[in-house]
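# A closer look at the structure
Spelled out, the chains give:
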Amino acid sequence: VYKRQALSYSNRGVLGTRGDIRISGHYIDGNSGTLAYNYYPDSGDMVIDTGDRYFDTTSGNSARLFNVLQHEHGHGLGLPHVCPIDGTKLMEPLVTSAYRGLRFDDIYSIQRLYGDFYEAHGSLTDNDSFANAAELDISSPVDVSWLSIDDNGDADYFKIDLVAGSQVTVRVDPSTEVYLEGAQNSNGSCQSGTSFNSTNIHDLAVTLYDSSELPVATVDANPAGQGEAIVSITVPSGGVHYLKVSGDSSDETQLYQLQVEVVEPMIAVELESRVLTGELFAGQNGVPDPDETVRYELSLRNNGSQTVGNVSATLPGASGFTGFSTSADYGTLAGGQAAAGSHVFALDGDCGDVIKLDLLVSGDGGYEVAIPLNFTLGTSTQMLDESFDGAAGLPP
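Just so it is clear, the structure is predicted and the values come from calculations on it, not from any experiment.

## Section: the packing of aromatic side chains
Summed over the entire model, instances satisfying the criterion amount to 16 aromatic pairs. Consider the rings of Tyr296 and Phe345, whose centres lie 5.9 Å apart with planes at 10 degrees: the pair is stacked. In this pair, Tyr296 is assigned in strand 17 (residues 293-302) and Phe345 in strand 21 (residues 338-347), connecting sequence segments 49 residues apart. Residue Tyr296 is classed as buried on the basis of its relative accessible area, which comes to 7%. Taking relative accessible area as the criterion, Phe345 reaches 1% and is therefore assigned buried. Connected via pairs of aromatic rings, a cluster forms that spans Phe104, Tyr108, Trp146, Tyr179 and Phe196. Geometry around Tyr54 places Arg64 over its ring, the cationic atom sitting 4.3 Å from the centre. Above the face of the Phe375 ring, Arg274 is positioned so that its terminal group lies 4.5 Å from the ring centre.

## A word on the layout of surface pockets
If a probe the size of a water molecule is rolled over the atoms, the empty space left behind becomes visible. The calculated volume of the largest pocket comes to roughly 320 Å³. Lining the largest pocket are 18 residues, with Pro80, Asp105, Tyr108, Ser109 and Glu181 sitting closest to its centre. Of all elements in the fold, only helix 2 (104-114) and strand 9 (178-183) reach the threshold of two or more residues within the lining of the largest pocket. When residues in the lining of the largest pocket are grouped by element, the largest group, six residues, is from helix 2. Residue classes in the lining of the largest pocket are distributed as nine nonpolar, four polar and five charged. What the second largest pocket holds in volume is close to 270 Å³. Every residue lining the second largest pocket is counted, 14 residues in all, and those nearest its centre are Gly33, Thr34, Leu35, Ala36 and Pro93. For the lining of the second largest pocket, the class distribution of residues is seven nonpolar, five polar and two charged.

## What to know about unusual backbone geometry
In this model, Pro41 is joined to Asp42 through a cis peptide bond whose omega is 10 degrees. Position of Asp42 among the secondary structure elements: in the loop between strand 2 (36-38) and strand 3 (46-49). Cis peptide bonds are those with omega within 30 degrees of zero, and the linkage from Ser145 to Trp146 qualifies with 0 degrees. Structurally, Trp146 can be placed in strand 6 (residues 142-149). With phi around 55 degrees, Asn61 is a residue other than glycine that occupies positive phi space. Positionally, Asn61 belongs in helix 1 (residues 59-76).

## Quick word on the sheet that holds strand 14 (residues 239-246)
Pairing in this open sheet of five strands is mixed, and the strands run 5-7-14-11-12 from one edge to the other. Either end of the sheet is taken by a strand with one partner, and the two such strands are strand 5 (134-135) and strand 12 (215-219). As paired strands, strand 7 (residues 155-162) and strand 14 are joined by eight bridges and run antiparallel to one another. In the strand pairing of strand 14, Asp161 is matched with Val240.

## Overview of the state of the cysteines
On inspection of all chains with the given rule, the structure shows one disulfide. Sulfur-sulfur distance for the disulfide between Cys83 and Cys190 comes to 1.8 Å. Measuring handedness by torsion sign, the sulfur bridge of Cys83 and Cys190 sits at about -90 degrees and is left-handed. Of this pair, Cys83 sits in strand 4 (residues 82-83) while Cys190 sits in the loop between strand 9 and strand 10 (194-197), and the two are 107 residues apart along the sequence.

## Section: the environment of Ala98
Residue position: Ala98 is located in the loop between strand 4 and helix 2. Distance from Ala98 to Gly87, taken between C-alpha atoms, is 7.6 Å for residues 11 residues apart in sequence.

## Quick look at the nonpolar core
Grouped together as the largest cluster of nonpolar side chains are 27 residues, with contacts concentrated most on Phe158, Val170, Ile230, Tyr256, Leu258 and Val260. Mapped by element, the contributors of at least two residues to this core are strand 6, strand 7, strand 8 (167-174), strand 11 (205-209), strand 12, strand 13 (228-234), strand 14 and strand 15 (254-263). Discounting chain neighbours no more than four positions away, the residues touching Val260 are Leu136, Ile138, Pro141, Val142, Thr169, Val170 and Leu243. Core analysis: the second largest hydrophobic core is formed by 26 residues, Val269, Val308, Val311 and Ala328 among them.

## Here's the deal with the pattern of salt bridges
Under the definition given, this model contains six salt bridges. For the salt bridge of Lys89 with Glu92, the shortest nitrogen-to-oxygen distance reads 3.3 Å. Residue classification places Glu92 among the buried residues on the basis of a relative accessible area of 2%. In the salt-bridge network here, residues are joined through shared partners; they are Asp86, Lys89 and Glu92.

## Observations regarding the sheet that holds strand 20 (residues 327-333)
Note on sheets: strands pair through backbone hydrogen bonds, and any given pair is parallel or antiparallel. Ordered in space as 20-18-22-23, the four strands form an open sheet in which the pairing is antiparallel. The open sheet has two edge strands with one neighbour each: strand 20 and strand 23 (367-376). Each adjacent strand pair in this sheet contributes to an overall mean axis angle of 20 degrees, direction not counted. Relative to strand 22 (residues 354-363), strand 18 (residues 308-314) is paired through three bridges, and the arrangement is antiparallel. Paired with Ser312 across the two strands is Ser362, which belongs to strand 22.

## Looking at the pairing of strand 11
The buried fraction of strand 11 is high, at five of five residues. Summarising the sheet, strand 11 and strand 14 pair through five bridges and their orientation is antiparallel. Counted as the bridge partner of Thr207 is Lys244 from strand 14. Where strand 11 and strand 12 come together, four bridges link them in antiparallel fashion.

What counts as what
Residues numbered from 1 in each chain as written. Predicted model: local features only at pLDDT ≥ 70, side-chain atom pairs only at ≥ 80, totals over all residues. Heavy atoms only, no water. Phe/Tyr/Trp six-rings, centres within 6.5 Å; stacked < 30°, edge-to-face > 60°. Helix = DSSP H or I, 4+ residues; strand = E, 2+ residues; numbered from the N terminus. Buried < 20%, exposed > 50% of the residue type's maximum accessible area, 1.4 Å probe, protein only. Lys NZ or Arg CZ within 6 Å of the ring centre and 35° of its normal. 1 Å grid on protein atoms, 1.4 Å probe; cavity = no way out; pocket = protein on both sides within 12 Å on 5 of 7 lines; lining within 4 Å. Points joined across faces, edges and corners; volume = space filled by probe spheres on them. Nonpolar A, V, L, I, M, F, W, Y, C, P; charged D, E, K, R; others polar. Pairing = 2+ DSSP bridges. Disulfide = S-S within 2.5 Å. Core = buried A, V, L, I, M, F, W, Y, C linked by side-chain atoms within 4.5 Å. Contact = heavy atoms within 4.5 Å. Salt bridge = Lys/Arg side-chain N within 4 Å of Asp/Glu carboxyl O. Axes fitted to C-alpha atoms, helices over the stretch in contact; angles between N-to-C directions.

Here you go:
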C-alpha cells in the first residue's frame, strides 16, 4: 500500500523503500514566475509548476522542459545559481532554450563536488588507485572530455591492455574556457561576475606504468595551462599497463581532455631486391632466357615493427615453371631487418613472354604473405631500323 508523504528534508530517500530523488508537480504560480523548485542535498526532490504554459513549447526536442529539469537536478546535486545572466551556464537564475543541457561551467562545478564520470562517490568506487583503475577500450583511439583532477588529492588511473612492442601515444590537454562567473546575491540579483580561467589551475603530468606498476615513461615538461604528451613510446612487454594523470597541490578542479592511441606491432615482410646471380646458357645477358636455369638472390625486409621468426619463402610450381631449389630460409627478421636467400629454377616460354609467379612467405604465428614476381624471358635485339618514307633516295 502506497502512503503519500509530503516532500521535505525529513522524508528523504530510504534504501529499499523510496528513491533518493522524486520528481513531482503541483500548481505553484501559473505562467511565468517560478517554473520549478528543488531541495538541496541530502534530499534532492523536485517539484514542477503544473500550471505553467512555458513547457507547452516542445521545439528543440522539448529543450525548455529538458533544461529546467537539468537545472533543478543541479540544485539537487548541490549547485547554487551562478551569475552573470548571459546564457552561457545552465545554472543561471533564468532558463534559456538557446542550447540543450549542461554547459562547461555546470560540468566543472559538478566535477568539483563529485569527480568525473570514471569516479563515483566513495573511495571504493573511484579510479584514484591502481586497484581501481578505469579500463579504457583501445581498439580505436580514445578521445574523452571532460575529465578532471578535482582537488589537491586526486589522481586518475586508467588501465589498458597492450601487446608487446605496441607504440603508445598519450595526450593530456587542459580545458581552455575563460568566462565571467560569480555568485548570486542574497536578494536574488546577479553579480556581473569576474573572469574565470579554467586553463591553468593544475600543472598536469602523465605517467605510463607496466603491469608491475613500475614507470615506463613520465612527462611533466610544461607549465600549468599547457598539455603533456607521451609520444609513440614502444612498450617492451605485453599485458596490463596503467596511465596516471595527476595535478599539483592546488585545491581546485582542473578539467582536461584525454587522448590515447595504440598502434600494435605488425609484421610486414616485403621484397627489397632481387639479383640474378647465375645463368646456365653461354652468352649471359642478365635475364632469364626460355628454358634457361637461373639463380636469383632475393632480399626480404620486415618493414613492420614486430619480430617474426622462422621466415621461409617458396616459389611454387606453375605452368612453364621448373624448380630446382625453390625454397629458402630467411631466419628471424626483427623490425627493419633484411635477409637474403637463393632460388634456382627455369622458365619455359617464348622470348618476350612475361611469366608471373608468387613468392609465398611464411613465419611464426601463422604469418603468410604472397609477393608477386614477374620475369620477362630473353632480350630482343634490333637488327635493322631504316626509315624509307621521306628519304631522298633509297638507303645504301
